[in-house]
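Notes for the structure review
Here is what each chain is made of, one letter per residue.
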Amino acid sequence: MLVDDKLMTMKEAIKKFVHDGDTIYMAGFTHLIPFSAGHEIIRQKMRNLTLIRPTPDLIYDQMIAAGCAKKLIFSWAGNPGVGSLHAFRRAVEKGYPNKIEIEEYTHFALISSLLAGAMNIPFFPIKSIRGSDLLKYNHKIKVIECPYTGQEVCVVPPLNPDVAILHAQRADRNGNVQVWGIIGDHKEAAFAAKRVIVSVEEIVDEYVVRSDPNRTLIPYFVVDALVEEPWAAHPSYAQGYYDRDNDFYIEWDKISSDVNLLEKYLEEWVYGVENRAEYVKKLGAEKLMKLKPKNFYSIAINYGLY
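Owing to the predicted nature of the structure, the values given are computational and were not obtained by experimental measurement. (Residues numbered from 1 in each chain as written. Predicted model: local features only at pLDDT ≥ 70, side-chain atom pairs only at ≥ 80, totals over all residues. Heavy atoms only, no water.)

With that settled, the discussion passes to the nonpolar core. One finds Ile 14, Leu 51, Met 63, Ile 165, Leu 166, Ile 197 and Tyr 265 to be the most contacted residues of the largest nonpolar core, which totals 93 residues. When residues of this core are assigned to their parent elements, the largest contribution, six residues, is made by strand S8 (residues 163-171). With near-sequence residues (within four places) excluded, Met 63 lies in contact with Met 26, Gly 38, Ile 41, Ile 42, Leu 49, Leu 51, Cys 68 and Ala 69. (Core = buried A, V, L, I, M, F, W, Y, C linked by side-chain atoms within 4.5 Å. Buried < 20%, exposed > 50% of the residue type's maximum accessible area, 1.4 Å probe, protein only. Helix = DSSP H or I, 4+ residues; strand = E, 2+ residues; numbered from the N terminus. Contact = heavy atoms within 4.5 Å.)

In structure tokens:
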């Protein structure tokens, strides 16, 4: 049975499921980062958002620069392989364009919090934080006595974002979402959140999804909105569809270092385009072709039919 009421544009999905003051988790660990959704949140001028990501990456730098954020819950913040997130630093250090609160974890601790939220359990025990300075600065991390060994262990609270926003390679019209390559935090985010928006490179026939069921990472019943949005992860990448735009990550260091350059970027590439299709057209054919990977297909397997 088709669930066509889940199909909508990115503009419709953000307007319907994201609200001022929400806690937003935008998934994707270097791979499949939902830039298109972040740009639409900026265009709709959402405010007072609590943004959560293991690595805030460029998209949160842009959203912070646009004044969307009041708080960042994160683990390691930087421009991967390049340097600092300059808009993030200005907000924390100078309160520009507005002061933001920060809540820091390790990668494992933040994903453990998300997993606790997905599993509907009160906390998640971990050993790796013990002995670090994070206990001084993040008072949500607690130390308890293990009921079995008597040893002290750290625990982190569950994360249940108002909205999780994910990008993936493909889905059927019901919202069964398939991912390959780096899976990252997609599944945990989808099951932990109250509302889930998924964009995909393409919507395929249900038969395609059923033909390779082990790639289905997120089932239809947790998806609230499904958006067909090619190139939605650029400048990050979608395995098999386009490569990471490393040139832009380097360029962003210069853009974000200068407030005027950053504002011009947002005006031209976010506010100045109506949607992702216009953004992609603006990128130009030469850039798109440069990022297209060569074909490399997995070998077919026989699932058997009874």
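So, about the domain arrangement of the protein chain. Examined at the domain level, the protein chain breaks down into domain 1 (10-105 + 160-290) and domain 2 (122-156). Spacing between the C-alpha centres of domain 1 and domain 2 amounts to 31 Å. Each side of the interface is counted separately: domain 1 has four residues, and domain 2 has five residues. Summing both partners gives a buried area of about 370 Å² for domain 1 against domain 2, and 59% of it is carried by carbon and sulfur. Interface area lost by domain 1 to domain 2 is led by Glu 103, Glu 104 and Tyr 105, which between them contribute 95%. Here domain 1 is connected to domain 2 by one salt bridge. Here Lys 140 ties to Glu 103 by a salt bridge, and the two come within 3.3 Å at their closest N and O atoms. In this assembly, domain 1 and domain 2 are joined by two residue pairs in polar contact (both at pLDDT 80 or more). Counted by class, the side of domain 1 that touches domain 2 contains one nonpolar, no polar and three charged residues. (Domains from an automatic or database assignment. Buried area = accessible area lost by both parts, 1.4 Å probe. Salt bridge = Lys/Arg side-chain N within 4 Å of Asp/Glu carboxyl O. Polar contact = N/O pair within 3.5 Å; in protein donor to acceptor, adjacent residues only side chain to side chain. Nonpolar A, V, L, I, M, F, W, Y, C, P; charged D, E, K, R; others polar.)

Peptide bonds are trans in most cases, and residues, glycine excluded, mostly fall at negative phi. Note the cis peptide between Tyr 96 and Pro 97, where omega equals -5°. Relative to the elements of secondary structure, Pro 97 occurs in the loop between helix H4 (86-94) and strand S4 (101-104). In the segment running from His 234 into Pro 235, the intervening peptide bond is cis, with an omega of 15°. One can find Pro 235 in the loop between strand S12 (225-228) and helix H9 (246-257). Positive phi is not limited to glycine here, since Thr 30 has a value of about 65°. Tracing the sequence through the fold places Thr 30 in the loop between strand S1 (23-26) and helix H2 (35-43). Overall, the relative accessible area of 29% leaves Thr 30 in the partly exposed class. With a phi angle near 60°, Asp 57 is a residue other than glycine that sits in the positive phi range. Structurally, Asp 57 can be placed in helix H3 (residues 57-65).

Take the packing of aromatic side chains next. Two descriptors summarise a pair of aromatic rings, namely the distance from one centre to the other and the angle between the planes of the rings. Applying the stated criterion across every chain, the model contains 10 aromatic pairs. With a centroid separation of 4.2 Å and an interplanar angle of 10°, the aromatic rings of Trp 231 and Tyr 242 are classed as stacked. Taken as a pair, Trp 231 in the loop between S12 and H9 and Tyr 242 in the loop between S12 and H9 lie far apart in primary sequence, 11 residues in all. The exposure classification of Trp 231 matches that of Tyr 242, with both residues buried. Among the aromatic residues, those joined into a ring-pair cluster are Phe 248, Trp 252, Tyr 265, Trp 269 and Tyr 279. Positioned over the ring face of Tyr 249 is Arg 244, at 3.7 Å from the centre of the ring. Above the ring of Tyr 279, the side-chain terminus of Arg 276 is found at 3.9 Å from the ring centroid. (Phe/Tyr/Trp six-rings, centres within 6.5 Å; stacked < 30°, edge-to-face > 60°. Lys NZ or Arg CZ within 6 Å of the ring centre and 35° of its normal.)

Right, let's talk about H9 for a bit. The first and last C-alpha atoms of H9 sit 18 Å apart over 12 residues, in line with the 16 Å expected at 1.5 Å per residue. Of the surrounding secondary structure, the elements contacted by the buried residues of H9 are H2, H3, H4 and helix H10 (259-271). (Expected span 1.5 Å × (residues − 1).)

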